[in-house]
Amino acid sequence: MSVRAFRGAILSVPHDPAHARQTVRHEPDGLLLVEDGIIVARGPYADLAERHPGVAVEALPGLIVPGFIDAHVHYPQMDRIAAHGEQLLDWLDRHIFPAETAFADRAHADRAAALFLGELLRNGTTSALVFPTVHDHSVDALFEAALARDMRIASGKVLMDLGPQGLCDTVKTAREASEALIRKWRGRGRLSYAVTPRFALTSSDAQLQVAGNLIAAHPDVLMHTHLAENERECAAVAARFTDAIDYLDVYDRFGLVGPRSVFAHGIHLSDRACARMAESGSGIAVCPTSNLFLGSGFFDFTRAAAHGVKLGLGTDIGAGTSFSMLHTAGVAYQAALMRGYRLDPFRALYLATAGSAALLHIGDRVGALEVGQEADFVLLDPAATPLLARRTAGATLAETLFALQILGDDRAVARTYIMGQCAWNRDAA
Ligand code: GUN
Ligand code: ZN
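Rules used in this analysis
Residues numbered from 1 in each chain as written. Chains lettered and ligands numbered in written order. Predicted model: local features only at pLDDT ≥ 70, side-chain atom pairs only at ≥ 80, totals over all residues. Near = placed C-beta within 6 Å. Helix = DSSP H or I, 4+ residues; strand = E, 2+ residues; numbered from the N terminus. Nonpolar A, V, L, I, M, F, W, Y, C, P; charged D, E, K, R; others polar. Axes fitted to C-alpha atoms, helices over the stretch in contact; angles between N-to-C directions. Parallel < 35°, antiparallel > 145°, perpendicular 65-115°, else oblique. Left-handed = near helix turned anticlockwise from the far one by under 90°. Contact = placed C-beta atoms within 7 Å. Domains from an automatic or database assignment. pLDDT = per-residue confidence, 0-100. Core = buried A, V, L, I, M, F, W, Y, C linked by C-beta atoms within 7 Å. Buried ≥ 20, exposed ≤ 12 C-beta atoms within 10 Å, placed from the backbone.

A. Region of interest: the site of ligand 1. Residues in contact with ligand 1, as listed here, are H74, L88, L92, I96, R198, F199, H226, E229, S290, D316 and A319. When residues in the shell around ligand 1 are grouped by element, the largest group, three residues, is from helix α2 (residues 88–101). Across the shell around ligand 1, the residue classes break down as five nonpolar, three polar and three charged.

B. Structural context of the packing of helix α13 (residues 345–359) against helix α15 (residues 397–407). α15 packs onto α13 with a crossing angle of 55° between their chain directions and a minimal axis gap of 9 Å. Taken together, the axis directions place α13 and α15 in an arrangement best described as oblique. Where α13 crosses over α15, the handedness of that crossing is left-handed. Of the residues in α15, those in contact with P345, F346, A348 and L349 of α13 are A398, L401, F402 and Q405. In terms of residue class, the contact of α13 with α15 is made up of seven nonpolar, one polar and no charged.

C. Up close: the domain arrangement of the chain. Each domain of the chain was delimited in the assignment, giving domain 1 (3–67 + 369–428) and domain 2 (68–359). Taking only C-alpha atoms, the centre of domain 1 and the centre of domain 2 are 28 Å apart. Taken together, the contact between domain 1 and domain 2 spans 30 residues of the former and 32 residues of the latter. When residues of the side of domain 1 that touches domain 2 are traced back to their parent elements, those giving at least two are β4 (57–66), α15, β15 (413–418) and β16 (421–425). Counting residues per element, the side of domain 1 that touches domain 2 draws most heavily on α15, which supplies six residues.

D. Structural context of the confidence of the model for the chain. Here the chain shows a mean pLDDT of 97. Residues at 70 or above account for 100%. Scoring of the predicted complex yields 0.98 for pTM and 0.99 for ipTM.

E. The arrangement of the nonpolar core in detail. Residues L32, I64, L142 and A332 are the most contacted members of the largest nonpolar core, which totals 134 residues. The dominant element in this core, judged by the number of residues it contributes, is α13, at nine residues. Here this core gathers at least three residues from each of two domains, domain 1 (3–67 + 369–428) and domain 2 (68–359). In this view, A332 contacts V286, P288, L313, L343 and A348; residues no more than four positions away in its chain are not counted.

Spelled out as structure tokens, the structure:
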């Protein structure tokens, strides 16, 4: 049995501060005891150390937080970050679909998956819900790479029978390939499967029904798609699905709205749609850097909170502009303020950790550094840059956390631990 102990300031936010009280757990001088990758004790160092004599203690100077959980990201789009000039639909046609077509080559997918997971780790992200491409082997490439790194990753073949030439499946191949991939990957490592229709516009009605049937047949899988991101997209959805009450209702009619559904964006949602999301237990991956980059709009945190909609945070690489969940949290603050909502830094940390974990249905395993959870955590360095050091000197915990979100990025991630093992060490790189 491997036992490890880590001493440092420990911070986590297990519950949503928007809906619960006393949600911040903070030990200024804490101890995290890890046995075979699982947290077996957490508390003040002074209390715990004497109960566990003989265990070598590693000092981690900085701030220990749960590993970040990116609730929406596209690994094949890494190579098209910073593609200039377009909103969503033109950006997809001009930049993204050509990039994804290159994943017909398995070796290309393998190289991208390795680089992608490395980029997650150097940014302190230990889990993610990931869009691959329409190609079955794009899932294999990602899952094999994640398995080798023991990372908690959810993904599933993209369904898109109305996609551009060269990037299309069919109703039949969507069903058969998804079934085969679910069978192949179920129960392996820390992986989970997500049925992944790209969005309403790239699937026929028959294929959306296949997605609904897959969800119904496999209650352990997630459903992952895009929702109400861009005005032209919403108009095209309304024009095609004339019977639907709204965009969410399109998905609802095919059985795609439930407690295991994760919708990226949700910028243009009615009160009815928010109420239905809350009632169904589905959640939104808020992706602020993407929403700014593509000119999509600003997420309405006030409306979502009023309805009690479950939220997590996503980078949405490559419409998103940074792998850093710290930076993404900082931009979420600014985007929220554009609609009059003051996003608290502790709530932002919640969204980037336990909130996203709840969306991915892995909240019992990771996201809060609770006893019994897996020891995926990050050591943040509040003095990572001269400016951060100056700004956080003598600062309160809330000020330090907010400064890390506004000024921080991968430079502020000193170490990333997966199951208690160091998987990224900035200072040894
Ligand atoms: N909607 C459909 N596909 C995509 C995509 O790849 N990125 C984003 N941001 N929105 C989408
Ligand atoms: Zn996306």
